[in-house]
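# Architecture and fold: a report
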Amino acid sequence: MTKIRVYELAQELNVPSKDLIKILLEEFSVKVKNHMSVIEEEDAELIKELIGSVEKESEVVELYESIENENVVKNIKKEKIKKTDKKASKKSGEVEEELLEFIEIEGTISVKELSDKLKKPVTEVIRELIFVGVMAGINQEIDFETAEKLCKKFDVQAIEKEEEEGAVEEDTDLEEDINGVKRSPIITVMGHVDHGKTSLLDAIKQTDVTSTEAGGITQHIGAYTVKVNNETLTFLDTPGHEAFTAMRARGAKITDIVILVVAADDGIMPQTVEAINHCKAAEVPMIIAINKMDKVGANPDRVKQELTEHGLVAEDWGGDVICVPVSAHTREGLEQLLEMVVLSSEMMELKADPDRNAKGTVVEARLDKGRGPVATLLVQNGTLKVGDSIYVGTTYGRIRAMFNDKGEKIKEAGPSMPAEILGLSDVPSSGERFVVAKDEKTARARADKKAESIRQEKFQKSHKVSLEDLYSQIQEGKVKELDLIVKADVQGSVEAIIQSLEKLSTNTVKVRVIHGAVGAISETDITLASASNALIIGFNVRPTVNASAMAEKEEVEIKTYRIIYDALEDIKSAMVGLLDPEYKEVVLGTLEVRETYKVSNVGTIAGCYVQTGKITRNSKVRIIRQGIVILDTDLGSLKRFKDDVKEVNTGYECGVTIERFNDIKIGDLIEAYIIEEIKIKSL
Ligand SMILES: Nc1nc2c(ncn2[C@@H]2O[C@H](COP(=O)(O)OP(=O)(O)OP(=O)(O)O)[C@@H](O)[C@H]2O)c(=O)[nH]1
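Here the structure is a predicted model, which is why all the values come from computation and not from measurement.

Analysis parameters
Residues numbered from 1 in each chain as written. Predicted model: local features only at pLDDT ≥ 70, side-chain atom pairs only at ≥ 80, totals over all residues. Heavy atoms only, no water. pLDDT = per-residue confidence, 0-100. Pairing = 2+ DSSP bridges. Helix = DSSP H or I, 4+ residues; strand = E, 2+ residues; numbered from the N terminus. Axes fitted to C-alpha atoms, helices over the stretch in contact; angles between N-to-C directions. Contact = heavy atoms within 4.5 Å. Near = heavy atom within 4 Å. Polar contact = N/O pair within 3.5 Å; in protein donor to acceptor, adjacent residues only side chain to side chain. Areas by Shrake-Rupley, 256 points an atom, 1.4 Å probe, with all protein chains shown as cover. Salt bridge = Lys/Arg side-chain N within 4 Å of Asp/Glu carboxyl O. Buried < 20%, exposed > 50% of the residue type's maximum accessible area, 1.4 Å probe, protein only. Arc of directions from axis to C-beta. Phe/Tyr/Trp six-rings, centres within 6.5 Å; stacked < 30°, edge-to-face > 60°. Patch = residues over 30% accessible without salt bridge, like charges linked within 9 Å, V, L, I, M, F, W, Y side chains within 5 Å. Core = buried A, V, L, I, M, F, W, Y, C linked by side-chain atoms within 4.5 Å. Lys, Arg positive; Asp, Glu negative; His and termini not counted. Charge placed at Lys NZ, Arg CZ, Asp CG, Glu CD. Parallel < 35°, antiparallel > 145°, perpendicular 65-115°, else oblique. Left-handed = near helix turned anticlockwise from the far one by under 90°.

Of all residues in the protein, 80% have pLDDT values of 70 or greater, and the mean over the chain is 80. Both confidence scores are given for the complex: pTM 0.56, ipTM 0.97.

The strands making up a sheet are joined through hydrogen bonds of the backbone, oriented either antiparallel or parallel. With parallel pairing, the 4 strands of this open sheet are ordered in space as 25-24-26-27. Two strands in the sheet have a free side with no partner beyond their single neighbour: strand 25 (510-518) and strand 27 (558-561). Each neighbouring strand pair of the sheet contributes to a mean axis angle of 25°, computed without reference to strand direction. One ladder, built from 8 bridges, connects strand 24 (residues 481-488) with strand 25; its direction is parallel. By the bridge assignment, Asp 483 is partnered in strand 25 with Arg 512. Where helix 18 (residues 523-532) meets the sheet, it contacts strand 24, strand 25, strand 26 (535-539) and strand 27, and its direction lies at approximately 175° from that of strand 24. Packing of helix 20 (residues 564-575) onto the sheet brings it into contact with strand 24, strand 25, strand 26 and strand 27, and relative to strand 26 it is tilted by some 155°.

Taken together, 15 residues sit near the ligand, with Lys 197, Thr 198, Ser 199, Asp 294 and Ala 328 positioned nearest. One of the side-chain nitrogen or oxygen atoms of Asn 291 is found 3.1 Å away from an oxygen atom of the ligand. Within the contact set of the ligand, a nitrogen atom lies 2.7 Å away from a side-chain nitrogen or oxygen of Asp 294. Taking 650 Å² as the accessible area of the ligand by itself, protein coverage stands at 70%. For the shell around the ligand, the element with the highest residue contribution is helix 9 (residues 197-207), accounting for 3 residues.

Ordered by their spatial adjacency, 6 strands build an open sheet running 9-10-8-11-12-13, and the pairing between neighbours is mixed. In this open sheet, the two strands that pair with only one neighbour each are strand 9 (223-228) and strand 13 (322-325). Averaged over all adjacent pairs, the angle separating strand axes in this sheet is 30°, with direction ignored. Bridge count between strand 8 (residues 186-191) and strand 10 (residues 231-236): 3 bridges; the pairing is parallel. In the strand pairing of strand 10, Ile 187 is matched with Phe 235. Its contacts with the sheet put helix 13 (residues 300-308) on strand 11 (257-263), strand 12 (286-291) and strand 13, and the angle it makes with strand 12 is roughly 145°.

Attention now goes to the pattern of salt bridges. Enumeration over the complete set of coordinates arrives at 30 salt bridges. Ionic pairing is found between Asp 202 and Lys 205, a salt bridge with its closest N-O pair at 3.9 Å. Linking Asp 202 with Lys 205, this pair stays in helix 9, spanning 3 residues, or about one helical turn. Of the residues examined, Lys 205 reaches a relative accessible area of 18% and is grouped as buried. A salt bridge links Asp 316 to Lys 304, with the shortest nitrogen-to-oxygen separation between them at 2.8 Å.

In this model, Ser 416 sits at a positive phi of 70°, which is unusual for a non-glycine residue. The residue Ser 416 is located in the loop between strand 21 (412-413) and strand 22 (418-424) in this model.

A few words on helix 8 (residues 144-153). Of the positions making up helix 8, those classed as buried are Phe 144, Thr 146, Ala 147, Leu 150 and Cys 151. Take helix 8 and look down its axis: the buried residues cluster within an arc of 160°, on one side only. Close packing links the buried residues of helix 8 with strand 3 (102-105), strand 4 (109-110), helix 6 (111-118), helix 7 (122-131), strand 5 (141-142) and strand 6 (157-160). Once helix 8 finishes, Asp 155 follows within two positions and takes phi at roughly 60°, a positive value.

Turning next to the packing of aromatic side chains. Any aromatic ring pair is given by two values, namely how distant the centres are and how the planes are angled relative to each other. Within the structure shown, the criterion is met by 2 aromatic pairs. Ring centres of Tyr 224 and Phe 235 lie 5.9 Å apart, and the angle between their planes is 20°; on these two criteria the pair is classed as stacked. Separated by 11 residues along the polypeptide, Tyr 224 in strand 9 and Phe 235 in strand 10 bring together distant segments of the chain. With a relative accessible area of 0%, Phe 235 lands in the buried category. Relative to Tyr 561, the ring of Phe 539 lies with its centre 6.0 Å away and its plane at 35°, an arrangement referred to as tilted.

This part takes up a nonpolar patch on the surface. Taken together, the side chains of Tyr 597, Val 599 and Val 602 make up a nonpolar region of the molecular surface, amounting to roughly 260 Å² of accessible area. Inspection of the secondary structure puts Val 599 in strand 28 (residues 583-599). A relative accessible area of 31% means that Val 599 is categorised as partly exposed.

Attention shifts here to the nonpolar core. Membership of the largest hydrophobic core comes to 25 residues, with the highest contact counts inside it found for Ile 187, Leu 200, Leu 233, Phe 235, Ile 259, Leu 337 and Val 341. Secondary structure elements with two or more residues in this core: strand 8, helix 9, strand 9, strand 10, strand 11, strand 12, strand 13 and helix 14 (334-348). Element by element, the count of residues in this core is highest for helix 14, at 5 residues. Residues in contact with Leu 337, not counting those within four places in the same chain, are Leu 200, Ile 259, Ile 287, Ala 289, Val 324 and Val 326.

Along the chain, Val 587 turns up in strand 28. Judged by relative accessible area, which is 44%, Val 587 ranks as partly exposed. Along the sequence, Val 587 and Ile 675 sit 88 residues apart, while their C-alpha atoms lie 8.7 Å from each other. Non-local contacts of Val 587, meaning those with residues more than four positions away in its chain, are made with Glu 671, Ala 672 and Tyr 673.

With that settled, the discussion passes to helix 1 (residues 6-13). Turning to helix 1, its buried residues are Val 6, Leu 9, Ala 10 and Leu 13. Taken end-on, helix 1 shows its buried residues confined to a sector of 105°, consistent with a single buried face. Positive phi appears at Asn 14, one or two residues downstream of helix 1, with a value of about 60°.

Right, let's get into a negative patch on the surface. On the surface, a cluster of negative charge is contributed by Asp 143, Glu 145, Glu 148 and Glu 160. On the basis of relative accessible area, Glu 145 is assigned to the partly exposed category, the value being 47%.

One way to put it is that helix 6 packs onto helix 7 with a least axis distance of 9 Å and a crossing angle of 110°. Judged by the angle between their axes, helix 6 and helix 7 are roughly perpendicular. Judged by the twist between their axes, the crossing of helix 6 over helix 7 is right-handed. Listed contacts from helix 7 to Val 111, Lys 112, Ser 115 and Leu 118 of helix 6 are Val 122, Val 125, Ile 126 and Leu 129.

With that settled, the discussion passes to the environment of Arg 302. With respect to the helices and strands, Arg 302 occurs in helix 13. The class for Arg 302 is partly exposed, based on a relative accessible area of 34%. Taking C-alpha positions, Arg 302 is 8.9 Å from Asp 265, a pair spaced 37 residues apart along the chain. In this view, Arg 302 contacts Asp 265, Asp 266 and Gly 267; residues no more than four positions away in its chain are not counted.

Next up, the structure:
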């Protein structure tokens, strides 16, 4: 026997739950709250032995009497008599009068609802309420405590209904519904700027005859469906890996297949590499569309060659990556591309159950002047219907109206279908999950609960990986793979660093560089790091101002180095729990150089504006030109107007000189930092 609920045991023993609760509390000291409470196996066995084995009614009564609880005995007798009476009355066709023992109340209850539950006239309930000091109208909601007092007057026990089990877990299970039926694939198009993402999406839209028919013009709702030989494909109309990864950072896994667009005349470019790495990190399969095949200079073989450098080998070159040469302009290869998408999705056996309550993800949302919050939802499982109450993060509402991607009013949307909905209380964020609740009250309660948990989360910060506590995370088995993003000033460094870092892998921890590229640390890098729980390592590069702010918000750790050896040592030490730096670098602020003046005997004075933080007289400084650190040195002087000052804060201008450096230029950034001593951790 496993655990059992009070009411189950009561049924088994043929006694009222209410009495069983009393016995459990008073005689067996088993802590139970209501009929839904769980009883441990041992206790249940003992009680069954004592009560369950007693067959005859007289013996049951005797047993209870021996427990010396008069009320219980009375109730048991009453119950037994009631049952016998019921049997008799049923036989004779008499109307049975039910004796109410308890009613369940979830949260608050209206006076009308309460009178229905109590089977008493509303007037009587209102009158009794006055006696407990509450003046309430028929539709007024009263809280549990008041309802409980009132119930006592009617000799009925009020039981506070606990939240339904499973209601919260609804949020999480978005994985394939193995018992479901086939669903359409959801596709995202990615690629380098100008390689033809938008053109290709437009060309695909035109493939669907239904959308080009009169009145059937595709509306921009963030996602749309295309019919290809009786198969429906759903496209997310937010091309680009930034949006894709931003959604993933919020925990949304929507995309089944990525079409990676590479221009045949341009080949693999930095954003193509980013897109490849974002897809790999998300473990989403890619189909390569080699676009612009109509152009002179189109060279698909060069694209395939370059793909191999990123671990992607085309099928006709012996690999498993599907490459389709296409032209968004001439529509060459388009049909074949879509066929490949259909084929791949069939192999993936994507399934969903249309008979369930819907759940899915917000694709985009906005506030419409006339219609209020408008959101495009993508149903990932179940069927979404007009009238459904849903909750999305901290927002909730009842769906007033739904539209498809052709702007037509619809009543329901099944799996993989996008729908624009009206009726939410607020504008949700894209990437947030939505779940259908049993009614609006529940939806609201869930949204409130989410808001509460967000408030709490702010106190207990989420656990992002950081070098300082890497060892303890490894020990606890939380980190088995250390994911890194590497940004450096030159390509040669990127490759060297990736190789050296990956060699640090041990039996317990695998070091994996999920993205490596040249250039400043960007917001996209932060998004990828946040979504993949990765650390960012920078060599002679710095994050942009926006990236810094975002890293702080997302709690992504950025480590910057000038020498590869230092980075390797740091990570190696962190992995074995020996990272005990004695000094720590603290960045104070950033300054933008707006003017330069040459002064004889002094050198170049940079007229600066403090963008973030502050600069102090004892700061060390780094000169950053176009995201690359060109110098790391000491501050020469710090002045406001003609006076030397100790510090200058955000929003103020100042004049600085850099120790032994006169080549400062307008547009350079100066990063001010200090080296702070920190206590050595004991091992
Ligand atoms: N010749 C030719 N030109 C194309 C083709 N596809 C796109 N182009 C052109 O390439 C340029 C960029 O196309 P877009 O579709 O805007 O590219 P994109 O990748 O969406 O660009 P962003 O949205 O800026 O990232 C446009 O001038 C298109 O007309 C093609 O198949 N053949």
